[in-house]
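Tertiary structure, described
This is what each chain is made of:
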Amino acid sequence: MKHLIRKEFLEEGYVFATRAADIARAAGHTRPARLASNENPYPPSSKAIKAAADVLPTANRYPDETNREFIAALKKRHGDYQFVASVGMDGIIDTILRTLISDGDRVAVATPTYSYYGLAVRAQGGVAISVPRKDDFSVDPAVFCREAAGTKLAFLCTPNNPTGSTETPKTIANICENYDGILFLDCAYIEFDGTDYRPLMKKYDNLIIGRTMSKAYSLAGLRVGYAFVPEWYEPFYHRAATPFTLNVVSQAAATAALRDTVHVKTIVSVVQEWRQRFIDECPYPVVPGGANFVMIDVAPHTAEDVVTELAQKGVVVRSCASFPGLPNHYIRVSIGEPWENEAFITAIGEIYQP
Ligand SMILES: *Cc1c(COP(=O)(O)O)cnc(C)c1O
């Protein structure tokens, strides 16, 4: 019956980093340091946990389809912008693609970057085209606008996964001015960096800023993402969305998490301290970045060799070889719990050979 499946889904989908974890387990590490998937190692805000538990008895009812509570908390937090919310930022990306992309439409992607954009574009029948970043992994606005010209939508991630590189608001403004499609700015890691792109929403009607509760807010398992959208665009978004997006538990938890500013601030400052320690103490060059992970250049070794050696020492990190556009000598290491970070610093020091 496989002939019934659309051709877009015949090839392999999203690649999860399971191989390194298997190597660590085979080497006898029952509890390896898990630094491969950019999760927040700390539990969610206790207020979020309580809010989630409190609404569970009402789960017989459908959730509020307008996500009213969460949107109100977003306006309180960020100011008077237009917001949409969905099942992770991935859910937002899917819905945006539904509003814009039909068979054969081209979508620009600043590469190397997060692989889901390409998968989601193809699932919608679109064609993803890569716009290469510069050698330092930043985006040249002139090149970007030239290559993206004529596309309806472009994806740009900042701080970028997996490189960590962060664009200035000036670069983003320059792109918004010179690109005639919609720019989707993926800010999944922005809390760890602090660059503020929000004021650009007041100036440009072709900018969408995607955010998530999965990373700095420790709610990856509840799947909550949101986006700043232009006013004109919002009604179209809702026409293309599924009737219910956030569930009662995720909405209650996300609302409480957003209000608990102390929890997120504490996490961000711990992550920033460790990021600096990784930069200072890793013997290999670390690409400058603003996320809760760092990308490390392990040349002359290959990413696969270093990932395997680290796994044998009980530290699971991600090879960047599966990111199209990156040479095979970069690894990505998330900032985890202190014991995990220490384990990484020790292990990378042991395997370092100049
Ligand atoms: C983790 C991540 C996301 C996905 O966020 P969810 O809200 O968990 O779907 C989106 N973009 C980038 C770059 C990410 O790394």
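Rules and cut-offs
- Residues numbered from 1 in each chain as written.
- Predicted model: local features only at pLDDT ≥ 70, side-chain atom pairs only at ≥ 80, totals over all residues.
- Heavy atoms only, no water.
- UniProt positions renumbered as here; feature names shortened; annotations may be inferred.
- Buried < 20%, exposed > 50% of the residue type's maximum accessible area, 1.4 Å probe, protein only.
- Helix = DSSP H or I, 4+ residues; strand = E, 2+ residues; numbered from the N terminus.
- Pairing = 2+ DSSP bridges.
- Contact = heavy atoms within 4.5 Å.
- Domains from an automatic or database assignment.
- Buried area = accessible area lost by both parts, 1.4 Å probe.
- Salt bridge = Lys/Arg side-chain N within 4 Å of Asp/Glu carboxyl O.
- Polar contact = N/O pair within 3.5 Å; in protein donor to acceptor, adjacent residues only side chain to side chain.

In the annotation of an unreviewed UniProt entry, the entry for the protein chain reads Histidinol-phosphate aminotransferase, and the organism field reads Methanogenium marinum. Recorded under Cofactor (unreviewed entry), the UniProt text for the protein chain is reproduced unchanged: "pyridoxal 5'-phosphate". According to its UniProt record, the protein chain has this under Sequence similarities (unreviewed entry): "Belongs to the class-II pyridoxal-phosphate-dependent aminotransferase family. Histidinol-phosphate aminotransferase subfamily."

1. A few points about the pairing of strand E7 (residues 207-212)
Most of E7 is tucked away: six of the six residues are buried. Alternating residues of E7 divide into Leu207, Ile209 and Arg211 and Ile208, Gly210 and Thr212, and every residue in both groups is buried. The pairing of E7 with strand E8 (residues 225-229) spans four bridges and is classified as antiparallel. Considered in E8, the bridge of Ile209 is made with Phe228.

2. Some remarks on the UniProt feature "modified residue: N6-(pyridoxal phosphate)lysine" (unreviewed entry) in the protein chain
According to UniProt, the feature "modified residue: N6-(pyridoxal phosphate)lysine" (unreviewed entry) maps to Lys215 in the numbering used here. Relative accessible area serves as the criterion here: at 17%, Lys215 is assigned to the buried category. Ignoring anything within four residues of it in the chain, the contact list for Lys215 reads Asn38, Asn40, Ala188, Tyr189 and Phe192.

3. Structural notes on the domain arrangement of the protein chain
Partitioning the protein chain into structural domains gives domain 1 (2-43 + 262-351) and domain 2 (62-259). Computed over C-alpha atoms only, the centres of domain 1 and domain 2 are separated by 24 Å. Taken together, the 32 residues of domain 1 in the interface contact 28 residues of domain 2. Carbon and sulfur atoms supply 63% of the area buried between domain 1 and domain 2, which totals about 2,300 Å² over both sides. The interface formed by domain 1 and domain 2 contains zero salt bridges. Where domain 1 touches domain 2, the interface holds 11 residue pairs in polar contact (both at pLDDT 80 or more).

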